[in-house]
Amino acid sequence: MGSKNQSRSVSRRNLLKFGAGVLGTSAIAAGLSSEILTPRRAIATENLTPDQAIDVLIEGNRRFVDRKRKYPHQDFVRLTEVAMGQKPFAAVLGCADSRVPTEMVFDQGLGDLFVCRVAGNVVTDEEVGSLEYGAAVLGTKVILVMGHERCGAVSAALKGAQVPGKIGSLIEAIRPAIAGKVGSVGSKEAYPPLEAATKANVLYQVEKLKTSPVLAQLIQAGKLKVIGAYYDLDTGTVTRLA
Ligand SMILES: [Zn+2]
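Residues numbered from 1 in each chain as written. Predicted model: local features only at pLDDT ≥ 70, side-chain atom pairs only at ≥ 80, totals over all residues. Heavy atoms only, no water.

Points about the confidence of the model for the chain
Part 1: With 78% of its residues at a pLDDT of 70 or more, the chain has an overall mean of 84.
Part 2: When the criterion is pLDDT under 50, residues 1-13 qualifies, and its contacts beyond four places in sequence or with other chains add up to 8 contacts.
Part 3: With pLDDT under 50 throughout, residues 15-43 is counted as low confidence; its partners more than four residues away or in other chains account for 24 contacts. (pLDDT = per-residue confidence, 0-100. Contact = heavy atoms within 4.5 Å.)

Observations concerning the packing of aromatic side chains
Part 1: For the structure shown, the criterion picks out 1 aromatic pair.
Part 2: Between Phe114 and Tyr133, the ring centres sit 6.3 Å apart and the planes meet at 45°, which makes this aromatic pair tilted. With Phe114 in strand β2 (residues 113-117) and Tyr133 in helix α6 (residues 125-137), this pair connects stretches of sequence that are 19 residues apart.
Part 3: A relative accessible area of 15% means that Phe114 is categorised as buried.
Part 4: Relative accessible area serves as the criterion here: at 21%, Tyr133 is assigned to the partly exposed category.
Part 5: Directly above the aromatic system of Tyr230 lies the positively charged group of Lys199, at a separation of 4.8 Å from the ring centroid. (Phe/Tyr/Trp six-rings, centres within 6.5 Å; stacked < 30°, edge-to-face > 60°. Helix = DSSP H or I, 4+ residues; strand = E, 2+ residues; numbered from the N terminus. Buried < 20%, exposed > 50% of the residue type's maximum accessible area, 1.4 Å probe, protein only. Lys NZ or Arg CZ within 6 Å of the ring centre and 35° of its normal.)

Quick look at the coordination of the zinc ion
Part 1: Around the zinc ion, the protein contributes the donor atoms Cys95 (SG), His148 (NE2) and Cys151 (SG), at 2.0 to 2.3 Å from the metal centre.
Part 2: We note that the donor set of the zinc ion lies within a single chain, spaced as C-x52-H-x2-C. One end of the pair, Cys95, is in the loop between β1 (90-94) and α5 (102-105); the other, Cys151, is in the loop between β3 (142-148) and α7 (152-159), and 56 residues separate them in sequence.
Part 3: For Cys95, a relative accessible area of 8% gives the class buried.
Part 4: In this structure Cys151 comes out as buried when scored by relative accessible area, which is 0%. (Donors = N, O, S within 2.8 Å, 3.2 Å for Na, K, Ca; no water.)

Details of the packing of helix α8 (residues 167-178) against helix α9 (residues 193-210)
Part 1: The N-to-C vectors of α8 and α9 enclose an angle of 100°; their axes lie 8 Å apart at closest approach. Compared by their axis directions, α8 and α9 come out roughly perpendicular. Taking contact as the criterion, the partners of Ala173, Ile174, Pro176, Ala177 and Ile178 in α8 are, on α9, Ala197, Ala200, Asn201, Tyr204 and Gln205. (Axes fitted to C-alpha atoms, helices over the stretch in contact; angles between N-to-C directions. Parallel < 35°, antiparallel > 145°, perpendicular 65-115°, else oblique.)

A short note on the environment of Leu79
Part 1: Of note, Leu79 is situated in helix α4 (residues 76-82).
Part 2: Among the residues examined, Leu79 registers a relative accessible area of 39% and is labelled partly exposed.
Part 3: It is 6.5 Å that separates the C-alpha atoms of Leu79 and Leu110, two residues lying 31 residues apart in sequence.

Take a look at the structure:
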């Protein structure tokens, strides 16, 4: 166990070094001082706790649903503020579905969210790597895995559909999430099988993410939460699952 912990610390140190290196190289290349890299006005979301970060997302979604969006951080001033450095407060792993645009449904703007979108919101090595980078280097306080109503990828996995090309890789990534957990069509479940399957897939992908030693270390330190959510296409409402 000792060597495992040691390797975790080393990998985190290396990650942080990588992050500093990226910023340092950019600064040197551009010939800029650290002063210029600092945003001109405070970003209110910078020092949030994981629970506060979740609240900001929920409040943003409420504005979206209530048609009271504030369109924060979407002006040119913000663009120039974050041009040389980012501190997104939250990461979202969402589906590629065109009806679930992340910044829009959470009423956020430039530099706020670190977003990975892939059909079926599945956790692959590349998604894990991206989200580890977001959390360990950029400092995201929450990772929200978000499934949605009438997801085509989950539907295809549920039906065991024959699909061309690499689409099957998505189905394979979803299949273990729904195996033995959802009833057949017409069963006495409280909600339709596709909705049950989509929610089971979200929770499965959340648990898969938590097996990342980099993320687990941040979770244990109270610096990160990984949670699941479900997006209702009809109302725009995001509901937390876990
Ligand atoms: Zn989908």
